[in-house]
Amino acid sequence: MSGQCGSNTVWTAPTSDEARFESLFELSSDLACLIDGSGRLERVNMSWEARLGWTKADLNRRRFIDFAHPDDRAATAAALYDAAGGAGTRGFENRLRGKDGTELRMIWKLATSPMRPGIGAIGRDVTGERRLQRELIEAADREKARIGRELHDGLCQSLAGICTLSATLARKLAGRADPAAAAAAELTALLKQSVGDARNLGRGLDCAGLTPSSLPLALETLATNIGSLHPISCILLHDQHLPSLDAQVATHLYRIVQEAVSNVVAHAKATRIVIRLRHREGRILLSVVDNGIGTGQRRLEATGIGLRSMEYRARLIGASLTIEPASPRGTRVECAWTVDARTRNAAPATSSQPPSATRPVYPRPAPT
Ligand SMILES: Nc1ncnc2c1ncn2[C@@H]1O[C@H](COP(=O)(O)OP(=O)(O)OP(=O)(O)O)[C@@H](O)[C@H]1O
Ligand SMILES: [Mg+2]
């Protein structure tokens with residue numbers, strides 16, 4: 001059997017298992033490779049050249065990690081090391097560099113075999129997917145900011161105007177000892193409260209003015225709003241002295257907490273939320289812990305866009321995100337951001353070890 005595969009490759013059905021494997025390996029649109037015990041590329045398929053421009057000769061016996069973005073080399077070495085140590089097939093993400101300098105974002109599945117040393121790796125190009133994800137999140141952020149500004153400049157201003165009128169009316173009625181004066185005063189108080197709520201809502205939606213030093217204040221407002229809008233006690237505990245973070249990092253951290261808190265309100269049936277912002281040994285630790293129903297044995301599935309956007313934001317700023325059961329009940333979401341993450345991740349890959357025929361050897365991951 002034969003047929004047209006892609007635009008110019010004619011595929012002929014192979015007859016032996018080995019030939020079938022060869023054919024699948026070569027024709028896969030994913031990047032496929034075999035990595036030997038010293039972390040060097042032993043075999044690569046055609047997609048490496050099609051997607052990255054590297055020929056088989058360019059790649060032959062070069063270290064896999066050398067093709068990763070410098071910031072991702074330590075994590076790539078760690079993933080190879082784990083896989084070689086028998087951590088089983090697992091996925092990890094990194095960026096690969098093409099011959100012309102282009103960058104592809106890849107998700108890798110790694111597998112080892114008891115029959116031979118080394119690792120088999122299949123990488124899927126998720127560059128477009130990640131770009132789309134980023135654009136969606138940026139578009140959602142812009143829309144939130146727009147609604148926040150509209151609320152502040154439109155609704156809040158008119159409510160504030162009505163509140164002033166109502167206060168004047170209440171004063172006049174009180175001056176005339178009119179029995180309606182008490183009702184007018186109550187109306188004024190309610191309007192005042194609504195102006196405050198709308199203003200806080202607007203601030204929560206528009207993070208444009210969020211600066212590193214105002215992050216605790218923004219989180220405090222978020223906690224107060226949750227407590228006043230829902231039957232949940234929500235408190236913020238934070239360290240007084242926080243290292244400087246740039247506005248983009250502060251905004252993403254804020255959005256992560258905002259989504260974690262919305263999830264508690266929507267799904268957890270909790271009565272209490274504690275938001276903690278701490279600085280420990282060069283790391284910003286931001287956690288949201290609830291005392292709700294938790295997730296039980298079930299693994300959290302990103303059914304909506306919330307969890308995915310939290311993961312995405314964390315990845316964008318080089319932070320780690322963990323979601324796990326809280327003790328004794330509920331859920332704990334923690335985001336850890338290393339203050340000098342960029343410098344730390346940029347640690348150069350360590351030199352490769354000599355090839356070993358019996359035991360795979362990979363550069364050890366850089367200490368974290
Ligand atoms: N704190 C929590 N307690 C219990 N379950 C949770 C909690 N946080 C998330 N979940 C579960 O994880 C699922 C996925 O959350 P995610 O934020 O991705 O989607 P969503 O909240 O359902 O929708 P969206 O965020 O798009 O509005 C939720 O539907 C819920 O079942
Ligand atoms: Mg959600």
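Every chain is numbered independently, its residues counted from 1 as its sequence is written. Each chain is given a letter, starting from A, and each ligand a number, starting from 1, according to the order in which they appear as written. Totals for whole chains, interfaces and linings use all residues, but because this is a predicted model, local features are given only for residues with pLDDT of at least 70 and pairs of side-chain atoms are given and counted only at 80 or more.

### Here we look at the sheet that holds strand 11 (residues 320-325)
Note: strands within a sheet are paired through backbone hydrogen bonds, in either parallel or antiparallel orientation. Note the following rule: What makes two strands pair is DSSP finding at least two bridges between them. Secondary structure elements follow DSSP: runs of H or I of four or more residues count as helices, runs of E of two or more count as strands, with numbering from the N terminus. Where helices are involved, their axes are fitted lines through C-alpha atoms of the stretch in contact, as for all axes, and angles between N-to-C directions lie from 0 to 180°.
Read across the sheet, five strands follow the order 8-9-10-12-11 without closing on themselves; strand pairing throughout is mixed. The open sheet has two free edges, formed respectively by strand 8 (233-238) and strand 11, since each of these has just one partner strand. Direction aside, the axes of adjacent strands within the sheet are offset by 10° on average. Note: strand 8 against strand 9 (residues 272-280), six bridges, orientation parallel. Across the sheet, the residue bridging to Leu236 is Ile275, located in strand 9.

### What to know about the pairing of strand 11
Pairing of strand 11 with strand 12 (residues 331-338), which is carried by six bridges, proceeds in the antiparallel orientation. The residue of strand 12 that forms the bridge with Glu324 is Arg332. Two successive antiparallel strands, strand 11 and strand 12, enclose a turn made up of five residues, where Gly330 displays a positive phi of approximately 95°.

### Side note on the site of ligand 1
Note the threshold: Using a C-beta atom placed from the backbone for every residue, we mark a residue as near a molecule or strand if that atom lies within 6 Å of it. Each residue gets one of three labels, nonpolar for Ala, Val, Leu, Ile, Met, Phe, Trp, Tyr, Cys and Pro, charged for Asp, Glu, Lys and Arg, and polar for the others, Gly among them.
Surrounding ligand 1, one finds 17 residues, the nearest of these being Asn263, Ala268, Gly304, Gly306 and Leu307. For the shell around ligand 1, the residue count by class is eight nonpolar, eight polar and one charged.

### Brief notes about the packing of helix 6 (residues 181-205) against helix 7 (residues 215-229)
Formally: Here roughly perpendicular refers to angles of 65 to 115 degrees, roughly parallel to angles under 35, roughly antiparallel to angles over 145, and oblique to all remaining angles. Working rule for handedness: look at the near helix, and if it is turned counterclockwise from the far one by less than a right angle, call the crossing left-handed; if clockwise, right-handed. With C-beta atoms placed from the backbone, a contact is any residue pair whose C-beta atoms sit within 7 Å.
As a packed pair, helix 6 and helix 7 sit with axes 10 Å apart at the nearest point and diverge in direction by 130°. Taken together, the axis directions place helix 6 and helix 7 in an arrangement best described as oblique. Crossing geometry of helix 6 relative to helix 7 is assigned as left-handed. Here Asn200, Arg203 and Gly204 of helix 6 come into contact with helix 7, specifically with Thr221, Leu222 and Asn225. Of the residues contributing to the contact of helix 6 with helix 7, the split by class is one nonpolar, four polar and one charged.

### A closer look at the pairing of strand 4 (residues 41-44)
Here strand 3 (residues 31-35) pairs with strand 4 via three bridges, running antiparallel. From the neighbouring strand, Leu34 faces strand 4, where its bridge partner is Arg43. Counting the residues that bridge the hairpin from strand 3 to strand 4 gives five residues, and of these Gly39 lies at a positive phi of roughly 85°.

### Details of the packing of helix 7 against helix 8 (residues 247-268)
The interhelical angle for the contact between helix 7 and helix 8, taken along N-to-C directions, is 15°, at an axis separation of 10 Å. For the element pair helix 7 / helix 8, the angle class is roughly parallel. By crossing handedness, the relation of helix 7 to helix 8 is classed as right-handed. Of helix 8, the residues touching helix 7 (which contributes Leu215, Ala218, Leu219, Leu222 and Ile226) are Ala250, Leu253, Tyr254, Val257, Gln258, Val261 and Val265.

### A few points about helix 6
Under the convention used in this document: By definition here, a helix of n residues has an expected span of 1.5 Å times n minus one.
The terminal C-alpha atoms of helix 6 lie 36 Å apart, and with 25 residues this matches the ideal 36 Å at 1.5 Å per residue to within 8%. Of the surrounding secondary structure, the elements contacted by the buried residues of helix 6 are helix 5 (127-175) and helix 7.

By themselves, these figures tell us nothing about what the structure is for.
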